[in-house]
Structure formats: C-alpha cells, structure tokens
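# Coordinate inspection notes
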Amino acid sequence: SILWGGVEYGLMDSVVGVISETRGIMRGDMLGKLPNSLKEVNDIALLLSSKGNHPKVISGTSATEKSFISRSGKKDYILHVSTHGFFHDSGTFTNPMQNSGLLFANSQKYWMSDSLASSINDADGILRADEISKLDLSGCRLVVLSACQTGLGEYNSEGVYGLQRAFKLAGAQSVLMSLWSVNDKATAELMTEFYRGLTAGREPDDALVVAQRALREKGYSPDKWAAFVLLN
C-alpha cells in the first residue's frame, strides 16, 4: 500500500504558512497546505501495519507526480492520495480528460499561472486524468482519492470523462472518490475510520458506510462526509 499526503506544493505554502481547510482548488488559487493530510496517511499506515501490511508513506517534497507515475506496473494493492483535487482546470484545455486531476509536490507555480498551461503532461506536479489513464494499475484493489471533486467529470453519450474513468482505464478495481469539495479535517477522520473498517475485515462498501455513520455520530453535517462514493 502506498500513501501520499502532507504534500509540499512549493513556493508560498512553505514560505508564509498558508493552510487550506478544503481540498478543492480553482486555477490561479494559492495551494495552501492541508494541515490534517500528513496525520491522515500516518494514522492509516499504522492501522495497516498492525495487520501485517507494509505501507509506504510518501510526503513533503518527495510526493511528486513522478512518484505516483512510477507505480505503474507495480501491482500495488492500495493507492491512497491525500491532496488537492480539481475539476475544470482551464479554458485552455478542450480534452475533458485534461480538465481534472490531482496536485502533487512543486505544482504551485504551474497551478497559479495560466501562462504555464502549455506544460501539460510535463513534470509539472499536476497529474491529469489523461496521464493516469495511460498507466498500468492492474492488480490494484483500491484507489482512494482523499481530495475534492474527484468523482466529477464531463458527460457525453459515452459516459463520464474524468478521474473515475482514468483509473478504470488504468485497471484499478475500485475507486473511492468525492462528488464535491470536502473539508480537510472531516475527510482525514473519515478516511481513518474507513481504514479502521478495512483492517477489521470489512469490505470497502461496508467500511465506507460505517465510517460515514461514525462521522454523523460525531456531529458532522452530511456535507462533511456524504461526498464520498465507491465505484466498483
């Protein structure tokens, strides 16, 4: 199991200590640190380790786009990404599979400037759906996208074009994804509860239901926990 979290986006996030309470972002916005992201992946790693799994946490400046792409063909059982996600990047892109994705280390300068949009598919720290669709993630039982709007996409007669399609084309069996912008703190708690269920032997669908129920019982409103759905 490989887990990415506590990503250092570069430039301002480490200089002025900007933090973000949600995991969604719009083109040109500053990528603030997600204060609960690193704790999330470390807590999950402890849960997995307690059951004999050997998770690897990738964080900070090491949480690069390349570090994810390098998992192609490795047949990892779980891939978990805790970061900013986006849907509808820029009017520059007409391919719907280029308009959604995940943000990794050192993506700040590319994300904050439309003038750098031509760097698409280079090592810009922005992992787009079209790039993911070309990977070999066969053998991956579960992809967890602990980020905003990862279940959204553009619709046409052939279905939905976005991250969910990309991971399915890459060969992932199941994808846990969100339908709207999600709160950083609540999402970290939800993910920890989800893995608590997995390590207790629950199937992913059941583990998600139990995790959402746990957050509801803690007093969180539905907008904080109901965004996540499982695509099998």
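Our subject is the structure that appears above.
What comes next is a walk through the structure. As the structure is a computational prediction, the values presented were derived from the model and not from experiment. (Residues numbered from 1 in each chain as written. Predicted model: local features only at pLDDT ≥ 70, side-chain atom pairs only at ≥ 80, totals over all residues. Heavy atoms only, no water.)

Bringing the sheet that holds strand β10 (residues 174-178) into the picture now. Here six strands make up an open sheet; going across it, the order is β2-β1-β3-β7-β10-β11 and the pairing mixed. Of all the strands in the sheet, the pair left with one neighbour each is β2 (56-60) and β11 (228-231). Taking each pair of neighbouring strands and ignoring which way they run, the sheet shows an average axis angle of 15°. As defined by bridge partners, strand β1 (residues 2-7) adjoins β2 across five bridges and the pair is classed as parallel. The residue of β2 that forms the bridge with W4 is I58. Here helix α7 (residues 184-199) sits on the sheet and contacts β3 (78-82), β7 (142-146), β10 and β11; the angle it forms with β7, its principal contact strand, is near 160°. (Pairing = 2+ DSSP bridges. Helix = DSSP H or I, 4+ residues; strand = E, 2+ residues; numbered from the N terminus. Axes fitted to C-alpha atoms, helices over the stretch in contact; angles between N-to-C directions. Contact = heavy atoms within 4.5 Å.)

Every buried residue of helix α6 (residues 163-170) is listed here: L163, Q164, A166, F167 and A170. Along the long axis of α6, the arc covered by the buried residues comes to 160°, so they all point the same way. (Buried < 20%, exposed > 50% of the residue type's maximum accessible area, 1.4 Å probe, protein only. Arc of directions from axis to C-beta.)

This brings us to the nonpolar core. Counting residues in each nonpolar core, the largest one holds 37 residues, and the members touching the most others are W4, F68, L79, L103, V143 and F167. Sorting the residues of this core by element identifies β1, β3, β5 (100-103), β6 (126-128), α5 (129-132), β7, α6 and β10 as the ones contributing at least two each. Considering each element in turn, this core owes the most residues, four residues, to α6. Apart from residues lying up to four places away in sequence, F68 is in contact with W4, L79, V81, F104, L127, L135 and F167. Counting residues in each nonpolar core, the second largest holds 26 residues, with V41, C148, V182 and W225 among its members. (Core = buried A, V, L, I, M, F, W, Y, C linked by side-chain atoms within 4.5 Å.)

Our focus in this paragraph is the side chain of N183. With respect to the secondary-structure elements, N183 resides in the loop between β10 and α7. Among the polar contacts listed, one links the side chain of N183 to the backbone nitrogen of K185, at a separation of 3.1 Å. There is a polar contact of 2.9 Å between the side chain of N183 and the backbone nitrogen of A186. (Polar contact = N/O pair within 3.5 Å; in protein donor to acceptor, adjacent residues only side chain to side chain.)

This next bit is on helix α2 (residues 37-49). With 13 residues, α2 should reach 18 Å at 1.5 Å per residue; the first-to-last C-alpha distance of 18 Å fits that figure. Taken residue by residue, α2 has S37, E40, V41, I44, A45, L47 and L48 as its buried positions. What you see down the axis of α2 is that its buried residues fit within an arc of 160°, all on one side. Away from its buried face by more than 90 degrees, α2 exposes K39 and L46. (Expected span 1.5 Å × (residues − 1).)

What follows concerns the sheet that holds β6. Taking strand neighbours across the sheet as the criterion, the three strands line up as β4-β5-β6 in an open arrangement whose pairing is antiparallel. Looking along the sheet, the strands with just one partner apiece sit at the ends: β4 (85-87) and β6. Direction aside, the axes of adjacent strands within the sheet are offset by 25° on average. Where β5 lies against β6, three bridges are found, and the strand directions are antiparallel. Residue pairing for β6: L103 is matched across the bridge by I126.

As a further point, take the pattern of salt bridges. Taken as a whole, this structure holds ten salt bridges when the rule is applied. Put simply, K39 and D43 hold a salt bridge, and the shortest N to O gap is 2.6 Å. Taken as a pair, K39 and D43 lie in helix α2 at a separation of four residues, close to a single helical turn. The salt bridge involving E189 is made with K185; its shortest N-O contact spans 2.7 Å. One end of the pair is E189 and the other is K185, both in helix α7 and four residues apart, which spans about a single turn. One network of salt bridges, with partners in common, ties together K185, E189, E193, R196 and K218. (Salt bridge = Lys/Arg side-chain N within 4 Å of Asp/Glu carboxyl O.)

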